[in-house]
Each structure stands twice: as C-alpha cells, then as structure tokens.
Amino acid sequence: MDPSCTPLAEFLDPIQGYLDPFEYENLRYRWYLELTLPANWKVAMEAFMDGYHVAATHSQLLPYQGNDYTKSFARGKHSHFGYWGTRDAPGAPSPRLNMPKPADVRPGLVEFFDMMERDFAAIFTDRDAMAAHRLLTETPPTGDTATAFANAVEFGRQAAEAEGAGYPKGLDWEVLDRAGSDWHVFPNSVTLPYWDGAVWYRARPNGDNPDSCIFNIWSLKRYVRGGEPKLQRRVYKDIEGQSFGLIVDQDLANIRRVHKGMKSRGFKYARPNPVQEMETLNFHRVLETFVLGEPRVVVK
Ligand SMILES: [Fe+2]
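These lines cover the structure that appears in this document, whether it is placed above or below. No experiment lies behind these values; they were computed from the predicted model shown.

## Some points on the coordination of the iron ion
Point 1. Only His53 (NE2), His58 (NE2), Asp251 (OD) and Asp251 (OD) from the protein reach the iron ion as donors, at distances of 2.0 to 2.7 Å.
Point 2. Angles of 53 to 154° at the metal separate the 4 donor atoms of the iron ion, which places the site in the irregular class.
Point 3. Along the chain, the residues donating to the iron ion fall in the pattern H-x4-H-x192-D. One end of the pair, His53, is in the loop between helix H3 (41-46) and helix H4 (54-57); the other, Asp251, is in helix H10 (residues 246-261), and 198 residues separate them in sequence. Neither residue differs from the other here; His53 and Asp251 are each classed as buried.

Structure follows, in structure tokens:
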C-alpha cells in the first residue's frame, strides 16, 4: 500500500461528473465471469475501448443498430466514446449496409433489444428487452428512431419502477448524451452504462506472464433491494472450447487474433484511428507516462 498515493476521487476525476448520475452503487451482479485469457491485459482492455470494431466483430447487429459511427475523447487519464451526432439510434440499419431505412423502425428496435439480451445479457437488461415489446402494441408506427428509442426507454423505466427496482433520479437524456456509451477507467476497467444496467470489464496481469491475463466481465442490473440473484462467480482458468454467448465469444476471438498479430514480424506498431480510437491512444499515452515518465515517440 502506498500511504502517499493520490486520493481515489482525485485519481478518478472527471469521471464522477459523467457517471455518478447512473447510480452504479445501486446496481448488483446479474452474472459474473472470470476468464484467464491467452493475451496481454492491455490487448484484452482495448477490445472494449472503441465502437469501431462492432461493424466487423458483431456484424449481426448492423441491420438494427442505427448509425454506428462513433467519436472518442480523452478526459484526463480516462476517456470515452459515444455515438454523438449520429442520425439514427438503434432500430434502423447501419449506413454501412446501404439498405433503405424502414418506414417503421419499431420492429428493428425490438429485435435489437432481443438480440442483445439473447447474445449478451448485459448493458441493457432482460426487463428492458421485455418492455421494448410494448412498442409494437402501444405506440404507432414511426420511421423516427429517436422517438422509438425514447418510448422504449420510457417503457423500461415503467417496468423498473413497477418492480420496485427504482430508477436513477439524476439521469436524463442530457446526462446520458454527455456521458456517451463507453468509458475507459484508467488503467484497467471499461464500463458501458445504460439507464437500467451496465457492463463492467476489468483486466489484470497474470503474474509475470505477458501473454496471459485475468479478465472479468460483470453484467450489472438494478434490482428491487435484496432481489438480486445469488452471486455465482463463474471462473475459467482455460477458455478453450468454452462459449460465453455470441457477443463475448466474438470479442474473445478478436483478443486472441490481435495478441497473435502483435507477435508477427510484419507488425511494427499500432495506428489507432484518432477519431474513433482515442480511448486506446490515450490509454497508452497515460500508461507510458506512468511507466516511462513520458509517452514513447514512435519513430517510423
Ligand atoms: Fe465487442
């Protein structure tokens, strides 16, 4: 322990201003995974630090996820990305597909929530997915993804309050928009917050082995007080042949390929996209400042 370390609140600054309204303290574990991965802890972290990979890694989402173009920003040691300025929320196809936008985006939005629940069961909750189905029977057809998404959120809020799980009081659309979709909490956590739940990733080195890390994925949800499921820590020292649902499996496959690729003679250095991958860029700049005293200069 370092008695003269930076106070936690100071270290986390300015994250609190963005994420406190989500009331993480009122979330509980929905499920808990601990995986020993055959990759460096930084590679594992980076797999969750951009929205840029979704089009290639989770391409099944493209017909429903709206405009998947992201922007990312450093906030001191920490960083975030969001879908700022995109025209379409989930419900419509990604512009990458060049598909016509449907006249009624409600079925696409319901399918988006259903897919996320079936293939991940994190960020959004089972309650959100069920509530979204009310769109089809209780709201008129609409081609406006923002309207459909706002209605889905409202149905989710009603479901959470009807269950007695409560709802974050200080969280509104402005706060949500400001926070964005994904935060890197330097050095080794990433979280994606939502109204009713969140996912949290954490990576730790595995001893002195640079080719292995201990990786956690926690699906968090707002429950009626005391109504959360009994915590079951699912621990896998070897992930070979295991499946953890489509979304996690896809990300893990990426991590293994990236780690392997970094060992290639053809790989000199990474060239992150400065618009969509600022989280990764900032992570390494700050980490190198901690370890080396200053960021490394890349010499071509
Ligand atoms: Fe992913």
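## Things to note about the environment of Asp13
Point 1. When you line up the elements, Asp13 lands in the loop between helix H1 (8-12) and helix H2 (15-19).
Point 2. Given a relative accessible area of 49%, Asp13 falls into the partly exposed group.
Point 3. Distance from Asp13 to His78, taken between C-alpha atoms, is 8.4 Å for residues 65 residues apart in sequence.

## What to know about the packing of aromatic side chains
Point 1. One pass over the full model with this rule turns up 24 aromatic pairs.
Point 2. Measuring from centroid to centroid gives 6.4 Å for Phe11 and Phe186, while their planes differ by 40°, and the two rings are tilted. On the criterion of sequence distance, the pair formed by Phe11 in helix H1 and Phe186 in the loop between strand S4 (182-185) and strand S5 (189-193) is long-range, its members being 175 residues apart.
Point 3. Among the residues examined, Phe186 registers a relative accessible area of 4% and is labelled buried.
Point 4. Aromatic pair Tyr29 and Tyr32: ring centres 5.2 Å apart, planes at 65°, arrangement edge-to-face.
Point 5. These aromatic residues form a ring-pair network of at least three members: Phe112, Phe113, Phe124, Phe149, Tyr167, Trp173, Tyr194 and Trp195.
Point 6. The positively charged end of Lys77 is found above the aromatic ring belonging to Phe11, 4.8 Å away from the centroid.
Point 7. When the ring centre of Tyr18 is taken as reference, the NZ or CZ atom of Arg178 above it lies at 4.3 Å.

## Concerning the nonpolar core
Point 1. Leu37, Met45, Phe113, Phe120, Tyr201, Phe215 and Ile255 are the most contacted members of the largest nonpolar core, which has 72 residues in total.
Point 2. Look past the residues within four positions of Tyr201 in its chain and what remains in contact with it is Met45, Phe48, Phe120, Asn188, Ser189, Val190, Leu192, Phe215, Asn216 and Ile217.

## Topic: H10
Point 1. For H10, which comprises 16 residues, the first-to-last C-alpha distance of 22 Å matches the rise-based estimate of 22 Å (1.5 Å per residue) to within 8%.
Point 2. When we look at burial in H10, the residues that qualify are Ile247, Val248, Gln250, Asp251, Leu252, Asn254, Ile255 and His259.
Point 3. Buried residues along H10 sit against strand S1 (27-37), H3, H4, helix H5 (106-119) and strand S7 (209-222).

## Here we look at the layout of surface pockets
Point 1. Of the voids in this model, the largest pocket is the one considered here, and its volume is about 1,300 Å³.
Point 2. Glu46, Ala270, Pro272, Thr280 and His284 are, among the 34 residues lining the largest pocket, the residues nearest its centre.
Point 3. Tallying contributions element by element places helix H11 (residues 278-292) first for the lining of the largest pocket, with 8 residues.
Point 4. Broken down by class, the residue content of the lining of the largest pocket amounts to 17 nonpolar, 6 polar and 11 charged.
Point 5. Considered as a void within the structure, the second largest pocket measures approximately 1,000 Å³ in volume.
Point 6. Of all elements in the fold, only strand S3 (78-82), H5, helix H8 (145-163), helix H9 (173-179), S5 and H10 reach the threshold of two or more residues within the lining of the second largest pocket.
Point 7. It is H8 that provides the largest number of residues to the lining of the second largest pocket, a total of 4 residues.
Point 8. Partitioning the lining of the second largest pocket into residue classes produces 23 nonpolar, 11 polar and 6 charged.

Analysis parameters
Residues numbered from 1 in each chain as written. Predicted model: local features only at pLDDT ≥ 70, side-chain atom pairs only at ≥ 80, totals over all residues. Heavy atoms only, no water. Donors = N, O, S within 2.8 Å, 3.2 Å for Na, K, Ca; no water. Tetrahedral: all angles 85-135°; square planar, octahedral: opposite > 155°, others 65-115°. Helix = DSSP H or I, 4+ residues; strand = E, 2+ residues; numbered from the N terminus. Buried < 20%, exposed > 50% of the residue type's maximum accessible area, 1.4 Å probe, protein only. Phe/Tyr/Trp six-rings, centres within 6.5 Å; stacked < 30°, edge-to-face > 60°. Lys NZ or Arg CZ within 6 Å of the ring centre and 35° of its normal. Core = buried A, V, L, I, M, F, W, Y, C linked by side-chain atoms within 4.5 Å. Contact = heavy atoms within 4.5 Å. Expected span 1.5 Å × (residues − 1). 1 Å grid on protein atoms, 1.4 Å probe; cavity = no way out; pocket = protein on both sides within 12 Å on 5 of 7 lines; lining within 4 Å. Points joined across faces, edges and corners; volume = space filled by probe spheres on them. Nonpolar A, V, L, I, M, F, W, Y, C, P; charged D, E, K, R; others polar.

What is shown is where atoms sit, not what they do.
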